[in-house]
Amino acid sequence: MSTATTLSSPRRGDTHLWSRTLIPTTREAPADAETPSHILLSRAGFIRKVAAGVYDYLPLAWRTLKKVSNIIREEMDAAGASELFMPVFVPMEFYNETKRHEAYGPLLFQVEDRKGNKAALGPTHEETITELVKGSITSYKQLPLNLYQIQTKFRDEARPRAGLLRCREFIMKDAYSFHLEVEGKGGLNEAYDAMYRAYVNSFKRCGLDFTVVEAESGPIGGSASHEFMVNCDSGEDTILKCPSSGYAANVEKCEIGARPAPSKGYFVGDPSGPLEEVHTPNCPGIEDVCKLLKVKPQHMLKSVLFKVNSTPDQLDKYGQEYILAVVRGDHDVNEGKVKALSQCTDISLADPAEAIKAGFAIGFVSPRAAVGKKGVLLLVDRDAALSFDDAAGKSKFWVTGGDKKDYHVKHFNWQRDLGKDPLGANAQGDNKGGLRGGDNYLIVGDVRNALAGDPSPRAAGSTLVAARGIEVGHIFKLGTKYSDAMGLSVLDHDQKKRSVIMGCYGIGVSRTMAACVEMSHDADGIIWPAPIAPYHVLITLMKPDNADHMALATKLSAELASAGADVLIDDRDERPGVKFKDADLIGIPIRLTIGDKALAENAVEFKARKTPGKGELVAITAATQRCLAALA
RNA sequence: CAGGGUGUAGCUCAGCUUGGUAGAGCGUCUGGUUUGGGUCCAGAAGGCCGGAGGUUCAAAUCCUCUCACCCUGACCA
């Protein structure tokens, strides 16, 4: 032992008896559990549902959550951030300036005190921290600053699902940084990059297989944004990657590389036949129409109507305006790209009833619906704006809406049915459209989500591949959105008042635990990576009432604990089968089995959870070292 | 929010159509048996049938209303 003075002693591992803690494993999962993490965390006695999207974290789960949290803490602190702890309780007045209670809408849990004052249960803490910093720093010399907390968050999700993956109450690490400048030393970019590295380190240390992708910054606003996705086929998010350049993006953000323009030009080509109206009752979706008409979705034109959200002034001047986005039937409209192309940042899907009133036969809208309507912008995706199919060498056959209920049309042709020269049609008096009084009524561009097989936007000749992921981290450059709204400013060196520039950085701690299970399990149970396993070693006693066996277990656990390993001793009076099944279920990385068979050879059985098959005999004297080597 | 579905024992479910006061398996407890991959046998405890109202001599079952939960979609720092 070293005699050197240290400020804190090295961590000693925990040793717990299974019979003296709470690990209620079950043979069957609750009926509402469907995803692997939900099923396994429930069956293995980690979580128990209290209400929709609200869970107890039992001792095993809490141990894992603390380990995840501590890894994050170490990396955050190493990256120059300081931990604090803010209340769950957020007075509604805090949203007066940012109006985020409106943006969040029903997602915000609200409470009222006995005096009738309203408050929210914090879904995130930009307002709280901005208030705090506003009242605590008085000079630019106190910047940059990076503060974080690990705490429970509340969001009244419309539909909580998949156990811990989408909860109404969950544990999150949220960090906020404050800067005078974007660039340079002490600037936002520096902190953003440091957080990026801290996140990569944290998730690596947790043993996760993950991808960092470019992301939409979403309603929180701001410029750059990256998401950290655990790679997992059951993930809710679709990501696209370019194998040669390393570019990766969320499908909501992913750009599509350059593609050759059609040889004859957009919209140019003869009709595939006379326009034919077909009765298509009870066909609300593309798939239904395709089935009925026996056509493939890629021969359909899908028209999606967006409403432009205007200020009262604009409404007064231009009336209610719409954007009609047209993509191929097998493609999905990308709202972000619609916003970019139309240069309208505040749009939303049109309300069907309202749209029908405005003359759009929702469900049966074709591009023709935009023609001749004032205040309607037609956006056509490149893949939809064709009349001649270069690949097939013939006219493009299109089916689209009939612009009246229960009707579609076959052999739609852009030039014939929309106007002689759709691109130049805004020159024609009767086709006048466009937004804000302009006359640019039609734009061809990227309007759809990228797909696997699309050209990479970063490497010519490469194509994108798709994968699924679970978002566990998200970093944003916020800019001055909150500081402007709430008046957080400092005087700079030149005594000029400057809005403080902010960044925010989140990690879903409880979701990370669940994502890890999604990523790492087999038919028998969870397989924890050692750094976040609730215990490192499980000592399974075949005969817990044999004093010699228990003494050996105690000796081994003491050795392991003094080396920093956490040990769980299964001392239950259960049959071996039950113990082994439970061991596999809870997924402790190493199992040491103490039983007569091995003891006859002065050995114990060593088995790594991730290695299939039977374990190996290891001499008692070598057992501790064998475990520590396997955990390293 | 729209559409669909489910609430009966700690868990998984049957019973409901055709009303007669509640069942199975797993788990729990007792006793025995067994002892290296969810033993076997015997016994026991455990339910205001989500809640409220109604119909009826009688309601888990039929009717009305409500609440909760789940699924698909919409939505989602």
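Residues numbered from 1 in each chain as written. Chains lettered and ligands numbered in written order. Predicted model: local features only at pLDDT ≥ 70, side-chain atom pairs only at ≥ 80, totals over all residues. Heavy atoms only, no water.

Across the sheet, which stays open at both edges, the six strands sit in the order 1-31-30-32-33-34 with mixed pairing between neighbours. Whereas interior strands pair on both sides, the edge strands pair on one side only; in this sheet they are strand 1 (15-17) and strand 34 (616-619). Strand-to-strand, the axes of this sheet are offset by a mean angle of 25°, without reference to chain direction. Sheet strands touched by helix 16 (residues 620-631): strand 30 (537-541), strand 32 (590-594), strand 33 (603-608) and strand 34. Its angle to strand 34, the strand with the most contacts, is close to 120°. (Pairing = 2+ DSSP bridges. Helix = DSSP H or I, 4+ residues; strand = E, 2+ residues; numbered from the N terminus. Axes fitted to C-alpha atoms, helices over the stretch in contact; angles between N-to-C directions. Contact = heavy atoms within 4.5 Å.)

The next point concerns the sheet that holds strand 21 (residues 399-401). Ordered in space as 14-22-21, the three strands form an open sheet in which the pairing is antiparallel. Each end of this open sheet is capped by a strand with a single partner; those strands are strand 14 (276-279) and strand 21. Within the sheet, the average angular offset between the axes of one strand and its neighbour, ignoring direction, is 35°. With three bridges connecting them, strand 21 and strand 22 (residues 407-410) associate as antiparallel partners. If you follow Val399 over to strand 22, its bridge partner there is Lys410.

Moving on: the layout of surface pockets. In this approach a probe as big as a water molecule rolls over the atoms, and the regions it shows empty are the leftover space. Counted as a void, the largest pocket has a volume near 1,500 Å³. Around the largest pocket sit 44 residues that line it, and Arg155, Glu157, Arg166, Glu471 and His474 are the ones nearest its centre. Top contributing element to the lining of the largest pocket by residue count: strand 24 (residues 465-479), with six residues. Partitioned by chemical class, the residues of the lining of the largest pocket number 19 nonpolar, 11 polar and 14 charged. (1 Å grid on protein atoms, 1.4 Å probe; cavity = no way out; pocket = protein on both sides within 12 Å on 5 of 7 lines; lining within 4 Å. Points joined across faces, edges and corners; volume = space filled by probe spheres on them. Nonpolar A, V, L, I, M, F, W, Y, C, P; charged D, E, K, R; others polar.)

Right, let's get into the environment of Lys185. By the element assignment, Lys185 lies in the loop between strand 9 (169-179) and helix 5 (188-205). The spatial distance from the C-alpha of Lys185 to the C-alpha of Tyr140 is 13 Å, given a sequence separation of 45 residues.

What follows concerns the pattern of salt bridges. Applying the stated criterion across every chain yields a total of 32 salt bridges. Between Arg166 and Glu236 there is a salt bridge, and its shortest N-O distance comes to 3.3 Å. Highlighted residues: Arg166 in the loop between strand 8 (145-154) and strand 9 and Glu236 in the loop between strand 11 (225-231) and strand 12 (237-241), separated in sequence by 70 residues. For Arg166, a relative accessible area of 22% puts it in the partly exposed group. (Salt bridge = Lys/Arg side-chain N within 4 Å of Asp/Glu carboxyl O. Buried < 20%, exposed > 50% of the residue type's maximum accessible area, 1.4 Å probe, protein only.)

It is worth spelling out unusual backbone geometry at this point. With omega at 0°, the peptide bond leading from Leu143 into Pro144 counts as cis. You can see Pro144 is positioned in the loop between helix 4 (126-134) and strand 8. One non-glycine residue, Ala162, adopts positive backbone phi at about 55°. Locating Ala162 in the fold gives a position in the loop between strand 8 and strand 9. The exposure class of Ala162 is partly exposed, given its relative accessible area of 23%. Unusually for a residue other than glycine, Asn602 sits at a positive phi of about 55°.

One can find Gly122 in the loop between strand 7 (118-121) and helix 4. Taking the C-alpha atoms as reference, Gly122 lies 9.1 Å from Gln110; in sequence the two are 12 residues apart. Among all residues touching Gly122, those that are not within four sequence positions of it are Val88, Val90, Lys153 and Phe154.

Within the structure shown, the criterion is met by one cavity of 30 Å³ or more. What the largest cavity holds in volume is close to 50 Å³. What lines the largest cavity is simply Leu538, Ala583, Asp584, Ile588, Pro589, Arg591, Lys607, Ala608 and Arg609. Sorting the residues of the lining of the largest cavity by element identifies helix 14 (576-586) and strand 33 as the ones contributing at least two each. When grouped by side-chain class, the residues that make up the lining of the largest cavity number five nonpolar, no polar and four charged.

Quick look at the nonpolar core now. Among soluble globular proteins, nonpolar side chains are generally buried collectively. Leu41, Phe46, Phe228, Tyr505, Trp528 and Ile586 are the most contacted members of the largest nonpolar core, which totals 62 residues. Looking at this core, you find at least three residues from each of domain 1 (15-19 + 535-631) and domain 2 (59-254 + 467-517). By size, the runner-up hydrophobic cluster in this structure holds 24 residues, among which are Tyr322, Val326, Ala355 and Trp414. (Core = buried A, V, L, I, M, F, W, Y, C linked by side-chain atoms within 4.5 Å. Domains from an automatic or database assignment.)

Turning to helix 2 (residues 59-78), a few remarks are in order. An α-helix turns once every 3.6 residues. As a result, residues three or four positions apart point the same way. The end-to-end C-alpha separation of helix 2 is 28 Å, in line with the 28 Å expected for 20 residues at 1.5 Å each. The positive-phi residue at the C-terminal boundary of helix 2 is Gly80, with phi of around 95°. (Expected span 1.5 Å × (residues − 1).)

Structural measurements only, silent on function.
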